[in-house]
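Residues per chain, in single letters:
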Amino acid sequence: MPRRPSVGVAAGRTRYLWRMATRYPFVFCPANRSAAAVRQLIGAALCLLQLCLPALPVAAAAQRAPGLRVASTPTCPVSPGEVRVPGGKFTMGMDSALPEESPRREVSVREFWMDRTEVTNAQFAAFVKATGYRTQAERGWAGNPQVPKELQAPGSVVFKAPADPDVPENSWWVFTPGANWRHPEGPGSSLQGRLQHPVVHVTYDDALAYARWAGRDLPTEAEWERAARYGKTPGAMLEPPRNADGTYAANTFQGAFPSGDTGKDGHAGTSPVGCYGADKLGLYDLLGNVWEWTRDDYRITGQPTDEPSRVLKGGSYLCSEHFCARYRPAARQPGTENLGTSHIGFRTVRRAR
Ligand SMILES: [Ca+2]
């Protein structure tokens, strides 16, 4: 049985995370589409184990974590704004990859305009300055009947890569009091050097509030996948994102997951938006960097749905070829609506009236 913490906020938060993890076992967990079933089961078990550890002192540890190093390049040459995504019929989903991507089916979307990049910390700061908005992680969960009182303190879930490879693989994700978009690794961390990185630790409602303020919306899953598939070859639907010359086309994870992010693609942890070149539509970072919220409810056949979840798309800087591998257009996973993490962000869309 997983070890249970004994006291305080950490214990309560752990129960909440445990409930989500057992319901949506891949919310925080990597999966290897090419691994044997037994390896997937072991991986899932380790993920569940790590969610049962108490919160740890974070700031100093996070600064040591290879996966959380601040990128050395503060900005990349990209303009803000939007690009037009043509409407039409297209094939969505896959039958030859992960089960949740099936069935492969033909759908159609109307034309829309999508943010060229993920919403950055600078853009989110402008929204907060204009509106005084406080995110869920800053407010906490007081009064939410779904969250036990002892774990309603403000905070968020932070990926903490073990600096020492001998550290047991059971502390990758830690609920961190005080973590939020301003303090991505918790107290002691800041946005210094990261204003052009995608905002993280935002819930679905936080993202939607920003979109509404901007006069826009979050994409549906079909819209997001239409954009991500546009102009790509069938082979690109299964392979890691690469340019024609073999260089990296997205910010993903290289090395031994979870402790050995080498940053071979130029960045360990999140990167400034726009560092990996635009796709055929002119969009950046649809794959990799951070997962992106969509409007669609996430349904899991045969599992309870009392923890509202939305579809996340695109994978993140934590997706490697050996774990996760969800840096593909059809890949998807659930995100619990009222909980952000250090690898979930968003971008917005505008539709014709
Ligand atoms: Ca990377």
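In case you missed it, the structure is sitting above this.
Rules and cut-offs
- Residues numbered from 1 in each chain as written.
- Predicted model: local features only at pLDDT ≥ 70, side-chain atom pairs only at ≥ 80, totals over all residues.
- Pairing = 2+ DSSP bridges.
- Helix = DSSP H or I, 4+ residues; strand = E, 2+ residues; numbered from the N terminus.
- Axes fitted to C-alpha atoms, helices over the stretch in contact; angles between N-to-C directions.

Moving on: the sheet that holds strand S7 (residues 291–297). Spatially, four strands are ordered S9-S8-S7-S10 in an open sheet, and the strand pairing comes out mixed. What marks the edges here is a single partner per strand, and that holds for strand S9 (332–336) and strand S10 (344–345). Where strand S8 (residues 309–313) meets S9, five bridges bridge the pair, whose relative direction is antiparallel. Following the sheet pairing, Val311 is matched in S9 by Pro334.

Across the sheet, which stays open at both edges, the three strands sit in the order S1-S4-S11 with antiparallel pairing between neighbours. Only two strands of the sheet have a single partner each, and these edge strands are strand S1 (82–85) and strand S11 (349–351). Averaged over all neighbouring strand pairs, the angle between strand axes comes to 25 degrees, with direction disregarded. Where strand S4 (residues 112–115) meets S11, three bridges bridge the pair, whose relative direction is antiparallel. Within S11, the position partnered with Trp113 by the bridge is Arg350.

With an omega of 5 degrees, the peptide bond running from Ser102 to Pro103 counts as cis. Topologically, Pro103 is positioned in the loop between strand S2 (88–92) and strand S3 (105–109). That bond from Phe257 to Pro258 is cis: its omega, 5 degrees, falls within 30 degrees of zero. With respect to the helices, strands and loops of the structure, Pro258 is situated in the loop between helix H7 (221–229) and S7.

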